[in-house]
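Analysis of the macromolecular model
Chain by chain, the residues run as shown.
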Amino acid sequence: MELPPALRSAVDQLLEGVTLPVLREAAVTLSLRYRGEVRDGRLHISGDLAAKAYLATRLPATYAAVRASLAVTAEALPGLQPKSLLDIGAGPGTALFAAADCFDSLETATLVETSEAIRQVGNQLADAAAPVRVEWIAADLATGLAGVAPADLVTLAYVLDELSPSAIEPLVDRLWALTQDTLLVVEPGTPAGWRRILAVRSRLIAAGAHLAAPCPHSAACPLAAPDWCHFSRRVARSRLHRLAKSGDVPWEDEKFIYVAASRTPAETPAARVLAPPQTASGTVRLKLCQADGTAAEKLVTRREGAAYKAARRVGWGDAVG
């Protein structure tokens, strides 16, 4: 998956003039903060260099995760045609770019972001999401949402790992109250990210929300540690991306986990694929989360004809049945 051409071009223009050693040092610092889920009272993106390091090394991956999550959500909710977007913890506008690419219906977007540095970058990139009308709001995510208007689609991507656990439930309650149609929450595909999504999922179910994706049921998650639910998207790396991260290959795999909830019932599948399918001579083994609330492995053989051909086409995260 790649950034849309207009966005890619806008990012390249913003990164012109930044020397590679400086960008690489900023990227390492940013990566350590994200991977360590550091909570020291400082923003991960606290200055211009951190913002540009994010554009070079994290924007392509977070865009891929949000865009993939929206695609599955749209599949489960074929009537979803949001005109308004509210993105909380918007960064440079990642969810805006993904939503504009996914939904032709989008007209307006309200982006709430605490970091002035990344807001400035986002303002410069916003034209890449035209013709959506964009409003930026500087606010603290835990306490500054009182005057924010509701929207058809509300998104919260890669934010909960920066908040204290006690702030998650009140924030979810507030976001669901602001959701006129669908709420999407995306987190890193780590065991900790999965646990945070489980907490969001439980809160939304208790509030009467209809789960749209990825879960094909509203029962308790059938997976137990050390296993965990997550998905992956392969992301194309630009030359600068590779150099900034000292990478040798032209791609990276972004692992993520998400939950989408709607005000209306979704078209949930019979099952969803929870891991890369394992293929062997004449067989495909699928790990599935099933509509009855269980997880199971299913072996499909060549003798099953059409079912075998279908199993060979499905990928990690796809709906089955």
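Check the entry above for the structure.
As a starting point, this report considers the structure included with it. Note that the structure is a prediction, hence the values are computed from the model and not measured.

1. Looking at the nonpolar core
- Of all hydrophobic cores here, the largest spans 93 residues; its most connected members are Leu70, Leu96, Leu125 and Val186.
- With near-sequence residues (within four places) excluded, Val186 lies in contact with Ala65, Val66, Ser69, Leu156, Ala157, Tyr158, Phe256, Ile257 and Tyr258.
- If you look at the next biggest cluster of nonpolar residues, it comprises 9 residues, including Leu288, Val300, Tyr308 and Val314.

2. Concerning the environment of Ala280
- Here Ala280 lies in strand 10 (residues 278-280).
- For the pair formed by Ala280 and Thr301, sequence separation is 21 residues and the distance between their alpha carbons is 9.6 Å.

3. A short note on the side chain of Thr57
- Structurally, Thr57 is set in helix 3 (residues 48-57).
- Exposure remark for Thr57: the relative accessible area of 4% places this residue in the buried category.
- From its side chain, Thr57 meets the backbone oxygen of Ala53 in a polar contact 2.7 Å long.

4. Focus: the packing of helix 3 against helix 4 (residues 59-76)
- Where helix 3 meets helix 4, the axes come as close as 4 Å, and the angle between the chain directions of the two elements is 60°. By the angle between their axes, helix 3 is oblique relative to helix 4. Between helix 3 and helix 4, the residues in contact are Tyr54, Leu55, Ala56 and Thr57 and Leu59, Pro60 and Thr62, respectively.
- Looking at the contact of helix 3 with helix 4, its residues break down into 5 nonpolar, 2 polar and no charged.

Criteria and cut-off values
- Residues numbered from 1 in each chain as written.
- Predicted model: local features only at pLDDT ≥ 70, side-chain atom pairs only at ≥ 80, totals over all residues.
- Heavy atoms only, no water.
- Core = buried A, V, L, I, M, F, W, Y, C linked by side-chain atoms within 4.5 Å.
- Buried < 20%, exposed > 50% of the residue type's maximum accessible area, 1.4 Å probe, protein only.
- Contact = heavy atoms within 4.5 Å.
- Helix = DSSP H or I, 4+ residues; strand = E, 2+ residues; numbered from the N terminus.
- Polar contact = N/O pair within 3.5 Å; in protein donor to acceptor, adjacent residues only side chain to side chain.
- Axes fitted to C-alpha atoms, helices over the stretch in contact; angles between N-to-C directions.
- Parallel < 35°, antiparallel > 145°, perpendicular 65-115°, else oblique.
- Nonpolar A, V, L, I, M, F, W, Y, C, P; charged D, E, K, R; others polar.

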